[in-house]
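# Structure assessment
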Amino acid sequence: MIDYTQLYAALQHIPALRPWLAQLPDQVAEGLSPHRWGDLPDWRAALDALPDIAPSSIQLEDKVRVGSASDASQDQLAELEKQLRKLHPWRKGPWDVFDLFIDTEWRSDWKWERVLPHLEPLQNRLVLDVGCGNGYHCWRSLGAGARRVIGIDPSAKFVAQFYALKKYLGEEKPVDLLPLGIEALPPGLQAFDTTFSMGVLYHRRSPMDHLRELRETLRPGGQLILETLVIDGALGDCLVPEGRYAKMRNVWFIPSCATLESWLRKCGFDNPRTVDLDTTNFGEQRRTDWMRFESLADFLDPESPDKTAEGHPAPKRAVLVANTP
Ligand SMILES: Nc1ncnc2c1ncn2[C@@H]1O[C@H](C[S@+](CC[C@H]([NH3+])C(=O)[O-])CC(=O)[O-])[C@@H](O)[C@H]1O
């Protein structure tokens, strides 16, 4: 079910990606190794047990919706839900699969609506989505006209979620999710027309290296879309939480927008600019039936929700765009 044969064949025809292709099968085998992911055989079994249902329609443009309940029998719909629930937690979405509504922790469609107006049109573009989760924005990029989309994310469970949905959204579609972190990309690829890094920078211990790695994925004149946590403040301001941030252990740098723009210039990007600023609310990130762990409401100070549980400024997210020279 997780099958990269078509992707490898297609990448042969993209000369800039050939240096990567030579290493890719080994990287994928490592990324999906059962030594690393003890539950992976269960997730694969869930994928194998998904019922075969031919969807009567596929919608990617204004939401992700595939088929309707009338495409399947009651038994098939029950089996579909049972198998998809084995891939809990569902963080990114939402997904509407044969009228089964996967109400995910995040309204990733809201982020897409903030980002979309600032994209150079995706028609015919080769797109990379770094840290794409289960690939929600990859599908929306395809819906917006991209020629091919490659998502990378080191979490094998998110990869399993992606291929569970790809079974219905179209196994032949030019969109894939590789079980890799950004460090797996060979330096100096200069292959992609558009690269997204959304929700990743604050997880990186070395943000400058992350920005340089992103730059190296892009062809000259390509567009970076960078979405990350920011603080209010002036040029030079940056929060480095010593302990946790919103209960997350792996948060390193949360700059002001002016600081982040200057980091982008420093790392060789042209014309970096902040195009959106948004405080995350309980409508966008919350516990649901498909994500039953703690969520935003548990991460904030119940007395003053403008602070995290640790007393830091509550999550505010910015979208920045920039180009490679
Ligand atoms: N080294 C790494 N390289 C690449 N990805 C990584 C790495 N380490 C962790 N990740 C992945 O980065 C993703 C961050 S979520 C953003 C999802 C989506 N982009 C979104 O914008 O909704 C955070 C958020 O919810 O904001 C996770 O899926 C990690 O597995």
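Residues numbered from 1 in each chain as written. Predicted model: local features only at pLDDT ≥ 70, side-chain atom pairs only at ≥ 80, totals over all residues.

## Describing the overall build of the protein chain
Within the protein chain, the secondary structure is distributed over 11 helices and 13 strands. What you see for the protein chain is a C-alpha radius of gyration of 20 Å, in line with the 20 Å of a compact globule of 325 residues. Over its C-alpha atoms, taken along the principal directions, the protein chain stretches across nearly 60 × 55 × 40 Å. Relative to its full complement of 325 residues, the protein chain shows a buried share of 42%. Intrachain contacts of the protein chain at a sequence separation of at least 6 include 70% that bridge at least 24 residues. (Helix = DSSP H or I, 4+ residues; strand = E, 2+ residues; numbered from the N terminus. Rg over C-alpha atoms; globule rule 2.2 N^0.38 Å. Buried ≥ 20, exposed ≤ 12 C-beta atoms within 10 Å, placed from the backbone. Contact = placed C-beta atoms within 7 Å.)

## Remarks on the nonpolar core
The biggest cluster of nonpolar side chains holds 82 residues, and the ones touching the most others in it are Val97, Ala160, Leu224, Ile225 and Leu320. Non-local contacts of Leu224, meaning those with residues more than four positions away in its chain, are made with Thr195, Leu214, Leu218, Phe269, Val321 and Ala322. (Core = buried A, V, L, I, M, F, W, Y, C linked by C-beta atoms within 7 Å.)

## Focus: the UniProt feature "binding site: carboxy-S-adenosyl-L-methionine" (unreviewed entry) in the protein chain
As annotated in UniProt, the feature "binding site: carboxy-S-adenosyl-L-methionine" (unreviewed entry) corresponds to Lys92, Trp106, Lys111, Gly131, Asp153, Pro154, Ser155, Ile182, Glu183, Met198, Tyr202 and Arg317 in the numbering used here. Of the residues just listed, which span 226 residues, the most distant C-alpha pair is 25.9 Å apart, and they do not cluster in one region. With respect to the helices, strands and loops of the structure, Lys111 is situated in helix H6 (residues 108-115). Overall, the presence of 23 C-beta atoms within 10 Å leaves Lys111 in the buried class. Look past the residues within four positions of Lys111 in its chain and what remains in contact with it is Met198 and Glu227. Considering the arrangement of structural elements, one finds Asp153 in the loop between strand S6 (148-152) and helix H8 (156-169). When the 26 C-beta atoms within 10 Å are taken as the criterion, Asp153 is described as buried. (UniProt positions renumbered as here; feature names shortened; annotations may be inferred.)

## Details of the confidence of the model for the protein chain
The pLDDT averaged across the protein chain works out to 97; a share of 100% of its residues lies at or above 70. Looking across the protein chain, the model is least confident in helix H2 (residues 18-21), with a mean pLDDT of 93, and most confident in strand S8 (residues 192-198), with 99. The ipTM assigned to the predicted complex is 0.99, against a pTM of 0.98. (pLDDT = per-residue confidence, 0-100.)

## Focus: the packing of helix H4 (residues 40-48) against H8
Running from amino to carboxyl end, H4 crosses H8 at an angle of 5°, the nearest separation of the two axes being 10 Å. As summarised for this structure, H4 and H8 are arranged roughly parallel, according to the angle between their axes. Residues Leu40, Trp43 and Leu47 of H4 form the contact with H8, whose participating residues are Ala156, Lys157, Ala160, Tyr163 and Ala164. Of the residues that constitute the contact of H4 with H8, the class distribution is 7 nonpolar, no polar and 1 charged. (Axes fitted to C-alpha atoms, helices over the stretch in contact; angles between N-to-C directions. Parallel < 35°, antiparallel > 145°, perpendicular 65-115°, else oblique. Nonpolar A, V, L, I, M, F, W, Y, C, P; charged D, E, K, R; others polar.)

## Observations regarding the site of the ligand
Residues in close proximity to the ligand total 19 residues, the closest being Gly131, Gly133, Gly181, Met198 and Gly199. Residue composition of the shell around the ligand, grouped by class: 8 nonpolar, 7 polar and 4 charged. (Near = placed C-beta within 6 Å.)

## With respect to the sheet that holds strand S3 (residues 95-97)
A sheet is described by the order of its strands in space; here 4 strands give the open sequence S1-S2-S3-S4, paired in mixed fashion. Of all strands in the sheet, those with a lone pairing partner are strand S1 (58-59) and strand S4 (100-102), marking the two edges. Where H8 meets the sheet, its contacts fall on S1, strand S2 (65-66) and S3, and the angle it forms with S3 comes to roughly 50°. (Pairing = 2+ DSSP bridges.)

## Here we look at the environment of Pro207
Locating Pro207 in the fold gives a position in helix H9 (residues 207-217). On the basis of neighbour counts, which here come to 21 C-beta atoms within 10 Å, the residue Pro207 falls in the buried class. Taking the C-alpha atoms as reference, Pro207 lies 8.5 Å from Trp252; in sequence the two are 45 residues apart.

## Considering the pairing of strand S9 (residues 218-230)
Among the 13 residues that make up S9, 10 are buried, leaving the element largely enclosed by the rest of the structure. With 6 bridges joining them, S8 and S9 adopt parallel strand pairing. Counted as the bridge partner of Thr195 is Leu224 from S9. As for the winding sense of the linkage, the β-α-β connection from S8 through H9 to S9 is right-handed. (Right-handed = clockwise from strand over helix to strand, strands pointing away.)

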